Amino acid sequence: MGRPKLIVITGPTASGKSALAVETARLLDTQIISADSRQIYKGIPIVTAVPTEEERHGVRHHLLEMLPLEAYYSASSFESDAMEILGRIYKDRSVAVVCGGSMMYVDALCNGIDDIPTVPETVRMALMEEWRKRGDSWLLSELERLDPAHYGKVDLMNMKRVFHAVEVTLTAGKPYSSMLTGERRHRDFDILKICLDGERADLFGRINRRVENMVESGLEEEARRVYPMRSLNSLNTVGLKEMFAWFDGSLGREEAIARIQKNTRVYAKKQMTWYRRDESVVRLDFSVSPEANAGKILSMLAQKS
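As the structure is a computational prediction, the values presented were derived from the model and not from experiment.

**Considerations on helix 5 (residues 121–134)**
Between the first and last C-alpha of helix 5 there are 20 Å, a value that for 14 residues agrees with the 20 Å anticipated at 1.5 Å per step. In this fold, the buried residues of helix 5 make contact with helix 6 (136–146) and helix 8 (159–172). The positive-phi residue at the C-terminal boundary of helix 5 is G135, with phi of around 95°.

Here you go:
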């Protein structure tokens, strides 16, 4: 009997990952693990585009809507949880599917992640409170002071990653960058990594339509429900930040919606840049139907067996 197989379906937002993952898992009679850093939280299914029960077509999904909004979760947590779930799936199946566009999550599962200490809640909450009082510029200066090497590499616009680097440095008592070895871990399964790709103009059109559908589906109501908790890290995401700015009066409604579309397009470009650096990825055209692309995946899987 050959090694178990893991099919990873990734790609930019709005490229149709969920539909392809469901069709692939359905044909293989297996299960899906979500690799989405926001779909893991309860209470925000519209802004995170959680697949509905109807869209899942009876396929079991893991790591969807399992945590309260105030809970902490990381790529390291995901790696641990996903590996445990894969162990259960592989007891009676030879293949599993992972689906998601969170780049760090996909990389953690495929290649492993460095051994980073768990941050105590007291450290996290104290740092969060200082950040709230002093702002982004203070947090950036703390990272530069504590870990200038990482400050020179990290995306300084991604405050979630800046915050994480500072809290880990404070916990470990040494720079976050010194713990990043980049060593790949051995996996006991073979990986087939699929990335949905296509014309940028088509993708941007899909993104704009998705945002419009989110608004029609009740995005405003969802955002108002969680607005009192807007300082939580889980809510620091495109779609909610712009809604909160509208509620605060710094943006108009139509401007907020347009800003969601723009910021989602910017994020999608970052995702595409990331995936194009990965030579192990097999690219499939997102304009092709999920059924046709799933057939291609099954053919590739058969060739690897």
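What follows continues from the structure just given.
**Observations concerning helix 4 (residues 103–111)**
Buried residues dominate helix 4, accounting for seven of its nine residues. For helix 4, the full list of buried residues reads M103, Y105, V106, A108, L109, C110 and N111. Of the surrounding elements, those touching the buried residues of helix 4 are strand 1 (5–10), helix 3 (75–89), strand 4 (95–99), strand 5 (190–197) and helix 12 (253–276). Positive phi shows up at G112, right after helix 4, with a value of about 85°.

**Looking at the side chain of H61**
Mapping H61 onto the fold places it in strand 3 (residues 61–62). Of the polar contacts made by the side chain of H61, one reaches the backbone oxygen of V59; its length is 2.9 Å.

**A look at the pairing of strand 1**
Counting buried residues along strand 1, six of its six residues qualify, which places the element largely inside the surrounding structure. Alternating residues of strand 1 divide into K5, I7 and I9 and L6, V8 and T10, and every residue in both groups is buried. Relative to strand 4, strand 1 runs parallel, the two being bridged by five bridges. The residue bridging K5 from the neighbouring strand is V95, located in strand 4.

**Some details on the packing of aromatic side chains**
One pass over the full model with this rule turns up eight aromatic pairs. Relative to F189, the ring of Y90 lies with its centre 6.0 Å away and its plane at 45°, an arrangement referred to as tilted. Placement of the pair is Y90 in the loop between helix 3 and strand 4 and F189 in the loop between helix 8 and strand 5, with a sequence separation of 99 residues. Each member of the pair Y90 and F189 is classed as buried. Between the NZ or CZ atom of R124 and the centre of the ring of Y72, over which it lies, the distance is 3.3 Å. When the ring centre of W246 is taken as origin, the NZ or CZ atom of R224, which lies over that ring, is 5.3 Å away.

**A few points about the environment of I33**
Secondary-structure assignment places I33 in strand 2 (residues 32–34). Taking relative accessible area as the criterion, I33 reaches 0% and is therefore assigned buried. Through-space distance from the C-alpha of I33 to that of I85 is 8.0 Å; in sequence the pair is 52 residues apart. Not counting residues within four places of it along the chain, the set of residues in contact with I33 comprises H62, L63, F78, A82, I85, L86, I89, V97, V98 and C99.

**What about the sheet that holds strand 3?**
With parallel pairing, six strands are arranged side by side in an open sheet as 3-2-4-1-5-6. Edge strands, defined here as strands with exactly one partner in the open sheet, are strand 3 and strand 6 (282–285). The sheet contacts of helix 4 involve strand 1, strand 4 and strand 5, and relative to strand 1 the element is tilted by about 165°. The sheet contacts of helix 12 involve strand 1, strand 5 and strand 6, and relative to strand 5 the element is tilted by about 140°.

**A short note on the packing of helix 4 against helix 12**
Relative orientation of the contacting elements helix 4 and helix 12 amounts to 25°, with a least axis distance of 11 Å. Considered as vectors, helix 4 and helix 12 are oriented roughly parallel to each other. The residues of helix 12 that touch helix 4, namely those facing M103, M104 and D107, are Y267, K270, Q271, W274 and Y275. Class assignment for the residues of the contact of helix 4 with helix 12 results in five nonpolar, one polar and two charged.

**Side note on the nonpolar core**
If you look at the biggest cluster of nonpolar residues, it comprises 45 residues, and the most contacted ones within it are L6, I33, F78 and M243. Within the residue set of this core, elements represented by two or more residues are strand 1, helix 3, strand 4, helix 4, helix 9 (200–216), helix 10 (219–226), helix 11 (240–248) and helix 12. The residues touching F78, leaving out its near neighbours within four places in the chain, are I33, S34, A35, L63, Y73, Y105 and L109. Counting 26 residues, the second-largest nonpolar core is a separate cluster that includes A14, V22, L192 and I297.

Calculation rules
Residues numbered from 1 in each chain as written. Predicted model: local features only at pLDDT ≥ 70, side-chain atom pairs only at ≥ 80, totals over all residues. Heavy atoms only, no water. Helix = DSSP H or I, 4+ residues; strand = E, 2+ residues; numbered from the N terminus. Expected span 1.5 Å × (residues − 1). Contact = heavy atoms within 4.5 Å. Buried < 20%, exposed > 50% of the residue type's maximum accessible area, 1.4 Å probe, protein only. Polar contact = N/O pair within 3.5 Å; in protein donor to acceptor, adjacent residues only side chain to side chain. Pairing = 2+ DSSP bridges. Phe/Tyr/Trp six-rings, centres within 6.5 Å; stacked < 30°, edge-to-face > 60°. Lys NZ or Arg CZ within 6 Å of the ring centre and 35° of its normal. Axes fitted to C-alpha atoms, helices over the stretch in contact; angles between N-to-C directions. Parallel < 35°, antiparallel > 145°, perpendicular 65-115°, else oblique. Nonpolar A, V, L, I, M, F, W, Y, C, P; charged D, E, K, R; others polar. Core = buried A, V, L, I, M, F, W, Y, C linked by side-chain atoms within 4.5 Å.

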